[in-house]
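Residue-level listing of the chains:
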Amino acid sequence: MILINGDLSTGEWLQAAQLCHSIKSTAWNCLQHVVFILGLFHLKMACADVLWHCFIQLSAAHEDKTSLMHNIAQLRPKETGIYSTKPGFHCMHQLIGHAGTCHHLDCWRVHAETTRGFNNLESFALSKPKLDDLKRMADEVACTYVARHKLQWMCREQDNKWDLQFENTLLLNKYFLLYEELSYAMNHGDIGHTETCIMSWILILKATGKHKYATHMTNFLFNIHCVYPPGLRHAICYHILINPTGHPVKWRAVDWCIELNNLFTKVKNGGKGSNQSVEWIIMELPLIEVYCSLQVSVQQNFGHTHLATNHSLPDMRKTYAKVQE
């Protein structure tokens, strides 16, 4: 069996090739030994794009003071135009992390004030609550400030009792938590948890018009649990996430590694101008690792202080405090 990871276009090309060879006499010639796996990195990109469509794309979503665009004006005041048009995955991924943290802290602040009598989170932290109390409060916060089945009952309330801003915030918290849960499961290499998160995103992808992603992920889960034999199922599950560095919480999707390899092959070492051709890329391909090791050696020998592009996490405490005002 040959496992192929890729994006939707790769899967469509493979499906077309199998359809064209379906009249062949043998299973090998029919390409039945080839199994396509939709890359989880591209699925994550689709999930981030879904959140942009839900909370940023429409201009009517910018009028509310509790909207995500209002948070963008506080977190990225010089990039509101970029987020209003079509931001990339990196921008949306950072926004979801920072805005989600602000919303989570605000929910904890309100809940600590209403149920425990603390004016702010600093005074609540000084009280040194026990772990069991924090777990109990986390369950209460999740039941109160995250959209559940009771959201339908809230939508049926009379106009004088209908709080549309609160309902939108509940949905925003739910979708952000689903995205953070998917990222957490993928970064930790938890395959079963990742499959559970995919089931929730299939419905959201369908609702926002991304039917191809929803169909591919539905077929993937159905084939894994109902069609493939145990040996093939085991092989696929253990080859959708890999850990190139071996460090904890550094698991990556296979298609992410493919995109990284394409960056080094086609962009950084693929030549420029007239030299940027397929023949040049093929000729330089075996030397990519040599170029990377030479770059690291030069940086270390000359004592460069900045040896990598992985920057330290920024201190967002003042920004978070400003957003929560």
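The numbering scheme is per chain: residues are counted from 1 as the chain's sequence reads. Per-residue local features of the predicted model are confined to residues with pLDDT of at least 70, and side-chain atom pairs are confined, for both listing and counting, to 80 or more; whole-chain, interface and lining totals are unaffected and use all residues. Note that water and hydrogens are dropped before the side-chain values are worked out from all heavy atoms of the structure.

S.K.: Can you help me understand the overall build of the chain in this one?
M.R.: For helices the rule is a DSSP run of H or I covering at least 4 residues; for strands it is a run of E covering at least 2, with both sets numbered from the N terminus onward. Scanning the chain for helices and strands turns up 16 helices and four strands. When its C-alpha atoms are laid out on the principal axes, the chain stretches across 70 × 60 × 40 Å. When burial is assessed residue by residue, the chain has 32% of its 325 residues classed as buried. Summarising the internal contacts of the chain: among those between residues at least 6 apart in sequence, 62% fall at separations of at least 24. Per-residue accessibility takes into account occlusion by the displayed protein chains alone, with areas from the Shrake-Rupley method and a 1.4 Å probe. Carbon and sulfur atoms provide 59% of the accessible area of the chain, an area that totals close to 20400 Å². Burial status follows relative accessibility: with a 1.4 Å probe on protein chains alone, a residue under 20% of its type maximum counts as buried, one over 50% as exposed, and anything between as partly exposed. In what follows, residue pairs with any heavy atoms lying within 4.5 Å of each other are defined as contacts.

S.K.: Teacher, can you tell me more about unusual backbone geometry here?
M.R.: With the exception of glycine, most residues fall at negative phi, and the peptide bonds are largely trans. Even without being glycine, lysine 128 reaches a positive phi, approximately 50 degrees. Here lysine 128 is to be found in the loop between helix H6 (121–126) and helix H7 (131–145). The phi dihedral of valine 249 is positive, around 60 degrees, even though this residue is not glycine. Using a relative accessible area of 41% as the deciding quantity, one classes valine 249 as partly exposed.

S.K.: Please explain the nonpolar core as it appears in this structure.
M.R.: Generally speaking, nonpolar side chains in soluble globular proteins are found buried as a group. As used in this record, nonpolar core signifies buried Ala, Val, Leu, Ile, Met, Phe, Trp, Tyr and Cys residues forming a set joined through side-chain atoms within 4.5 Å. Counting residues in each nonpolar core, the largest one holds 55 residues, and the members touching the most others are Leu40, Leu51, Ile56, Met92, Leu95, Trp201 and Ile236. Sorting elements by how many residues they give to this core places helix H2 (residues 40–55) first, with ten residues. Ignoring sequence-local partners within four residues, the contact set of leucine 95 consists of Ile56, Leu68, Ile72, Leu75, Tyr83 and Gly100.

S.K.: Whenever I open this one, a nonpolar patch on the surface confuses me. Can you help?
M.R.: Residues Leu260, Leu263 and Val267 make up a contiguous nonpolar surface patch of roughly 230 Å² in combined accessible area. Relative to the elements of secondary structure, leucine 263 occurs in helix H13 (residues 254–268). In this structure leucine 263 comes out as partly exposed when scored by relative accessible area, which is 33%. Patch definition: residues with relative accessible area over 30% and no salt bridge; like charges joined within 9 Å; nonpolar side chains (Val, Leu, Ile, Met, Phe, Trp, Tyr) joined within 5 Å. Within this document, salt bridges are pairs made up of a side-chain nitrogen of Lys or Arg and a carboxyl oxygen of Asp or Glu, the two lying within 4 Å of each other.

S.K.: Could you clarify how one ought to interpret the pairing of strand S1 (residues 2–6) in this entry?
M.R.: In regular strands, side chains alternate between the two faces of the sheet. In short, DSSP must find at least two bridges between two strands for them to pair. With five bridges joining them, S1 and strand S2 (residues 34–38) adopt parallel strand pairing. Residue pairing in the sheet places glycine 6 in a bridge with leucine 38 of S2. Taking the sense of rotation as the criterion, the β-α-β connection linking S1, helix H1 (residues 8–20) and S2 turns out right-handed. With the strands aimed away from the viewer, a crossover counts as right-handed if its path from the first strand over the helix to the second runs clockwise.

S.K.: Please explain the environment of arginine 76 as it appears in this structure.
M.R.: Locating arginine 76 in the fold gives a position in the loop between helix H3 (68–75) and helix H4 (80–85). Considered as a pair, arginine 76 and threonine 319 are 243 residues apart in the sequence and their alpha carbons are 9.8 Å apart. In contact with arginine 76, other than residues within four places in its own chain, are Tyr83, Gln94 and His98. Polar contacts, as counted here, are pairs of nitrogen or oxygen atoms within 3.5 Å of one another; within protein the pair requires one atom able to donate a hydrogen and one able to accept it, and residues that are adjacent in sequence qualify only if both atoms are side-chain atoms. Reaching out from arginine 76, the side chain makes a polar contact with the side chain of glutamine 94 at a distance of 3.4 Å.

S.K.: Quick question: what am I supposed to make of the confidence of the model for the chain here?
M.R.: Interpretation of this model should avoid reading the predicted coordinates in detail wherever pLDDT is low. The predictor's confidence in any single residue is recorded as pLDDT, a number from 0 to 100. Mean pLDDT over the chain works out to 84, with 92% of the residues at or above the 70 mark. The lowest-confidence element of the chain is helix H8 (residues 151–155), averaging 69 in pLDDT; the highest-confidence one is helix H10 (residues 191–207), averaging 91.

S.K.: Can you walk me through the environment of leucine 40 in this structure?
M.R.: One can find leucine 40 in helix H2. Judged by its relative accessible area of 4%, leucine 40 falls in the buried class. For the pair leucine 40 and phenylalanine 124, spaced 84 residues apart in the sequence, the C-alpha separation amounts to 39 Å. If we ignore the near neighbours within four places in the chain, the residues touching leucine 40 are Met186, Thr194, Ile198, Met217, Ile240, Leu241, Ala253 and Asp255.

S.K.: Looking at this structure, I do not really get helix H12 (residues 230–237). What am I missing?
M.R.: Side chains three or four residues apart in an α-helix point the same way, a direct result of the helix having 3.6 residues per turn. Of all the positions in H12, only Leu232, Ile236 and Cys237 are classed as buried. For H12, the angular spread of the buried residues around the axis is 130 degrees, confining them to a single face. Along H12, the residues that are exposed and aim more than 90 degrees away from the buried face are Pro230 and Gly231. In the core, the buried residues of H12 are packed alongside S1, S2, H10 and helix H11 (211–227). Regarding the arc, it is the one traced by the directions from the helix axis to the C-beta atoms.

S.K.: Explanation requested: the environment of serine 22 in the structure shown.
M.R.: Within the fold, serine 22 resides in the loop between H1 and S2. Given the relative accessible area of 43%, serine 22 is considered partly exposed.

S.K.: Sorry if this is basic, but what is going on with the pattern of salt bridges here?
M.R.: Where side chains of opposite charge bring their charged atoms close, a pairing between them can arise. Evaluated as defined, the whole model comprises eight salt bridges. Among the ionic contacts, a cluster of salt bridges with common partners joins Asp49, Lys86 and Lys210.

S.K.: In this structure, what is going on with the packing of H11 against H12? I would like to understand it.
M.R.: Angle between the axes and distance between the axes: these two values describe a pair of packed helices. Following both chains from N to C, one finds H11 and H12 inclined at 135 degrees, their axes separated by 8 Å at the closest point. Comparing their axes, H12 and H11 come out oblique. In contact with Phe220, Ile224 and His225 of H11, H12 contributes Arg233, Ile236 and Cys237. Along the lines of polarity and charge, the residues of the contact of H11 with H12 split into four nonpolar, one polar and one charged. Orientation is described by axes fitted as lines to C-alpha atoms, over the contacting stretch for helices, and by angles from 0 to 180 degrees between their N-to-C directions. Reported orientations rely on four angle classes, namely roughly parallel under 35 degrees, roughly antiparallel over 145, roughly perpendicular from 65 to 115, and oblique for the rest. Polarity classes work like this: nonpolar for Ala, Val, Leu, Ile, Met, Phe, Trp, Tyr, Cys and Pro, charged for Asp, Glu, Lys and Arg, and polar for all others, with Gly in that last group.

S.K.: Explain the pairing of S2 here, please?
M.R.: Judged by how many residues are buried, S2 sits mostly within the fold: five of five residues are covered. Neither face of S2 is exposed, since Val34, Phe36 and Leu38 on one face and Val35 and Ile37 on the opposite face are all buried.

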